[in-house]
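Observations on the three-dimensional arrangement
What follows is each chain in one-letter form.
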Amino acid sequence: MPAFRQVGEKQLPQEVVFMAWSPKRDLIALANRAGEVLLHRLANFQRVWSLPPNENTGKEVTALAWRPDGKILAFGLTDTKRIILCDVEKPESLHSFSIDSSVTYMHWMDVTEESSVLTSFYNAEDESNLLLPKLPALPKNYSTTAKIFSEEKSDEIMKLLGDVRLNALVLGGSSGFIEIYAYGMFKIATVTGVAGSCRGLCLSSDLKSLSVITEIRDSSESEAEITYFQLDTSLLSSYLPEVTQMARKFTHISTLLQYIKLSLTCMCEAWEEILMQMDSRLTKFVQEKNTTTSVQDEFMQLLLWGKASLELQALLMNQLTVKGLKKLGQSIESSYSSIQKLVISHLQSGSEALLYHLSELKGMALWKQKYESLGLDASGIEEAITAVGSFILKANELLQVIDSSMKNFKAFFRWLYVAMLRMSEDHVLPELNKVMTQKDITFVADFLTEHFNEAPELYNRKGKYFNVERVGQYLKDEDDDLVSPPNTEGNQWFDFLKNSTHLKESPLLFPYYPEKSLHFVKRQMEGVIDQCLQKPAVVIGKSVHQAVCMSLYKTSESEDSTPQLFKLPFLWNDKTSNIHYVLFTILENSISKIHILRRHTDTSRSVSNGIIAVEFGNFLNNSINESSDSRCYSCLDAHFYDDETVTVVLKESVEQEGKERVLAQLPLSSVYTDEDQDREFIWDSTKRLDEQSDEITTRTVFLENQWRVLENMKAQYVAVNGIRKVSCVLSSNLRHVRVFEMDVEDDGEVEEEEEEETTQIAAGEPDELNQSADNRDNACDASAEELPDETEEHESSLDP
């Protein structure tokens, strides 16, 4: 009976470039050449959902990583240089951020280190939940960008923040780019001093050490040199409670900035283009009229004498129309009311919560004994608080403009509506046909004086002579000054500030930018907050220093066509013994021999450091002659299954047809013996490791029953999950996958299933199983075309 039970097999329409098992559920995430991210279930490899590429996120996926709790999937895109955090339940982006380099590898890990301070922090309830009101859900009638904070998704924000226990997303990219993001959201370290493009990353669970594999290439034509770096990150480990609390604040702040951004997006959507209709019609009127009378005078004559010129009548009755005026009035009232509600309930709530968290962060920064070493700067946070205050002032200014505009437009449209009804000689309703009081006439006259002045300089800037509608200018995402800033003339508070030399520079007063839009002030606030929160990342990054640099080997030319994401080496962190393992292969006598390098996460210790090579003895007696060399298997791929086992894909190295591919489990107990603990490899730093391979201890392993021949499949790569006890094997053409349960109990039920499968195969039911491995995989393109397109496949729910 085979050691592992096959539970699924599929030919995929697109080449797979990356695959990663969920740490908590029987789900596997795939990324393909078309830029799609797909989620499949273990059972029958059924698809749960797919996220197609788009211009906003990107089209070229270069890395995948699961959050340790399995609720968030992160993927990196090289064309847009963005990281997307996606909900496991639905293909929706919960959070995204830009990075400076295209990411080539990512690793998301849980911090397992414990301390009394951390335990009390983990168990304590977040004070902000007690002191701050819950953020109102964004209205769901706006675009999909606001879904994360909509009413039916009110718990999404907590899903995004995740558990209070610290986890870190480590990103690696080209040109030595390495960054660490707490909770996968906010940068806490920018690591420098590593050369080459990142091929692998592993941050130890105690935060003491970061292992990095890079590919260093002198020129585009030269062979790449694979190098191993071990970096000392002991500052993170020493200040773990402080780093955790600071990072938690950072993620709250980051989430609130996103909430404010989405609130402003909803406000922009609530503002309609129809509101610009009055400005455009009046501009056209100026361009076409033959009289020298100004537009303002034309409307004043209508107000005072009840008569309009023929040209004004044509404008009102033929272009604006009674029906159009009514619709415009309703649109303005509806739009302004929606924007007003969003400012009061969402923008102000988010800003006040942001002020609270920044003030708490400032208090932390003032505790210099604990936080100064991490780069938390109180003066920078004070500037951020000031910037938030300026944003709140600008939001309040917008509220005042909305309030006055609604009153002005209501009175103006009421008067103009009656005047147009009289022009058309239509019946005027009694409630509208009231005599205007002197106060009403003065109110409309003031509105006309202020809003209906022709401005030639405005035409040069915006292509219009008028700016009757004053709210839209606040929602424009541009650097230009406001077309019609608020009139502060005669304002007693402004006059008082202008005449007071002491109050002008007072830190107690927030700066006010009367000439700028709300969008501009928001971008300015984001910039200041980002700048003040970037400093810890720089300081922590500078504290990281290189402990070990080891040149491993040079890549062969045949590897160049291999997808970057599948190439060995592979890094693994043993949380129990605090050891980093590196798996890689070195070609010796036409055989790819697997090597296991191990380094203790405490860079000051040499205990358990060493390297060992593994070769596999003959265990497929049916296809190998007894007289042949025992070193008859090349390792194609290897991944740690758990702390004690490595899963490998092997290929027979003897030149013959139908070379079998084998999936096997390699126990570390069969590799390491007690004598290895005492013997440490003496590495010559002037040579690469592959040049010293003769001096490396080689262990020959004879696998017993933990292997399975992968029949009719040109297997090349494997992804495993020891927690869920599953593996997924991918063929060399990147389209053929098989899924296995690795630890199957030897019970009667399993035996019956295996017998049924054997009977079916013996009966010759699946014809394609009779094809050779090469024929099957070479015919993959044709097979993929014959299969129904996966987009038509019914997508299953995550719920069992």
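The sections below set out a description of the structure shown in this document. (Residues numbered from 1 in each chain as written. Predicted model: local features only at pLDDT ≥ 70, side-chain atom pairs only at ≥ 80, totals over all residues. Heavy atoms only, no water.)

Points about the overall build of the protein
Tallying secondary structure elements over the protein gives 20 helices and 29 strands in all. Looking at the 800 residues of the protein, the share that counts as buried comes to 53%. Of all intrachain contacts in the protein linking residues separated by at least 6 positions in sequence, the fraction that spans at least 24 positions is 65%. A total of about 36900 Å² of accessible surface is found on the protein, and carbon and sulfur atoms cover 47% of it. (Helix = DSSP H or I, 4+ residues; strand = E, 2+ residues; numbered from the N terminus. Buried < 20%, exposed > 50% of the residue type's maximum accessible area, 1.4 Å probe, protein only. Contact = heavy atoms within 4.5 Å. Areas by Shrake-Rupley, 256 points an atom, 1.4 Å probe, with all protein chains shown as cover.)

Points about the packing of helix α9 (residues 322-366) against helix α16 (residues 518-543)
For the pair α9 and α16, the least separation of the axes is 13 Å and the interaxial angle reads 20°. Accordingly, the angle class assigned to the pair α9 and α16 is roughly parallel. For the element pair α9 and α16, the recorded crossing hand is left-handed. Mapping the contact onto sequence places L347, L354, L358 and L361 in α9 and L518, M525, I529 and L533 in α16. (Axes fitted to C-alpha atoms, helices over the stretch in contact; angles between N-to-C directions. Parallel < 35°, antiparallel > 145°, perpendicular 65-115°, else oblique. Left-handed = near helix turned anticlockwise from the far one by under 90°.)

A word on the pattern of salt bridges
Taken as a whole and assessed by the stated rule, the structure comprises 19 salt bridges. We note a salt bridge from E526 to K522, for which the minimum N-O separation is 3.5 Å. Taken together, the residues E526 and K522, both in helix α16 and 4 residues apart, mark about one turn of the helix. Take E526: its relative accessible area is 22%, and that puts it in the partly exposed class. E691 is the salt-bridge partner of R688, the closest N and O atoms lying 3.5 Å from each other. By relative accessible area, E691 is classed as partly exposed at 45%. Several salt bridges converge on common partners, so that one network encompasses R199, E215 and R217. (Salt bridge = Lys/Arg side-chain N within 4 Å of Asp/Glu carboxyl O.)

What to know about the packing of aromatic side chains
Within a pair of aromatic rings, the relevant descriptors are the distance that separates the centres and the angle that separates the planes. This model, assessed by the stated rule, comprises 12 aromatic pairs. On the numbers, 5.2 Å between centres and 55° between planes, the contact of F186 with F250 is tilted. On the criterion of sequence distance, the pair formed by F186 in strand β13 (residues 186-191) and F250 in helix α5 (residues 240-270) is long-range, its members being 64 residues apart. Each member of the pair F186 and F250 is classed as buried. The interplanar angle of 10° and the centroid separation of 5.5 Å between the aromatic rings of W572 and F640 together place this pair among those described as stacked. Of this pair, W572 sits in strand β18 (residues 570-574) while F640 is found in strand β22 (residues 633-642), placing the two residues 68 residues apart along the sequence. When its relative accessible area of 2% is taken as the criterion, F640 is described as buried. Chaining the aromatic ring pairs together yields one cluster made of F299, Y336, F409, F412, F413 and W415. The positively charged end of K370 is found above the aromatic ring belonging to W367, 5.2 Å away from the centroid. Residue placement shows R598 over the ring face of Y672; its charged tip is 3.9 Å from the ring centre. (Phe/Tyr/Trp six-rings, centres within 6.5 Å; stacked < 30°, edge-to-face > 60°. Lys NZ or Arg CZ within 6 Å of the ring centre and 35° of its normal.)

Section: α9
Taking 1.5 Å per residue, 45 residues should reach 66 Å; α9 reaches 64 Å between its end C-alpha atoms and fits that length. The largest bend along α9 reaches roughly 35° and is located at V343. (Expected span 1.5 Å × (residues − 1). Bend = angle between axes of the 7 residues up to and from the residue.)

Re helix α7 (residues 295-305)
Residues three or four positions apart in an α-helix share a direction because the helix packs 3.6 residues into each turn. Those residues of α7 that fall on the buried side of the exposure criterion are V295, Q296, E298, F299, M300, L302 and L303. Contacts from the buried residues of α7 go to α6 (277-288), α8 (310-320), α11 (378-423) and α12 (438-451). In the stretch just after α7, G306 is the one whose phi turns positive, near 75°.

A closer look at the nonpolar core
Proteins that are soluble and globular tend to have nonpolar side chains buried together. Residues L166, M267, F299, L354, F412, L416 and I529 are the most contacted members of the largest nonpolar core, which totals 117 residues. In terms of residues, this core owes the most to one element, α11, which gives 21 residues. Aside from chain neighbours lying at most four places away, what touches L166 is D110, V111, Y122, A182, Y183, L207, L240, V243, T244 and A247. Core analysis: the second largest hydrophobic core is formed by 26 residues, F640, L666, V671 and V701 among them. (Core = buried A, V, L, I, M, F, W, Y, C linked by side-chain atoms within 4.5 Å.)

So, the environment of H107
Within the element layout of this structure, H107 appears in strand β10 (residues 103-110). Taking relative accessible area as the criterion, H107 reaches 19% and is therefore assigned buried. Residues H107 and C202, spaced 95 residues apart in sequence, show a C-alpha to C-alpha distance of 6.4 Å. For H107, the residues in contact, after removing those within four places along its chain, are A168, L169, V170, L201, C202 and L203.

Quick look at the packing of α6 against α7
At their nearest, the axes of α6 and α7 sit 11 Å apart, and the two run at 105° to each other. By the criterion of interaxial angle, the relationship of α6 to α7 is roughly perpendicular. Packed against α6, whose contacting residues are L282, F285 and V286, the element α7 presents V295, E298 and F299 at the interface. For the contact of α6 with α7, the per-class residue count stands at 5 nonpolar, no polar and 1 charged. (Nonpolar A, V, L, I, M, F, W, Y, C, P; charged D, E, K, R; others polar.)

Comments concerning the sheet that holds strand β7 (residues 72-77)
One open sheet accounts for 4 strands, arranged β6-β7-β8-β9; its pairing is antiparallel. Single-partner strands in this sheet number two, and they are β6 (61-66) and β9 (93-98). Taking each pair of neighbouring strands and ignoring which way they run, the sheet shows an average axis angle of 20°. Inspection of the sheet shows β6 paired to β7 by 5 bridges, in the antiparallel sense. Looking across to β7, one finds that A65 is bridged to A74. (Pairing = 2+ DSSP bridges.)

What about the side chain of T78?
Mapping T78 onto the fold places it in the loop between β7 and β8 (82-87). Only 3.3 Å separates the side chain of T78 from the side chain of S102, close enough to count as a polar contact. Excluding its chain neighbours within four sequence positions, the residues that come into contact with T78 are E60, T62 and S102. (Polar contact = N/O pair within 3.5 Å; in protein donor to acceptor, adjacent residues only side chain to side chain.)

Scope: geometric values only; no functional claims are made or implied.
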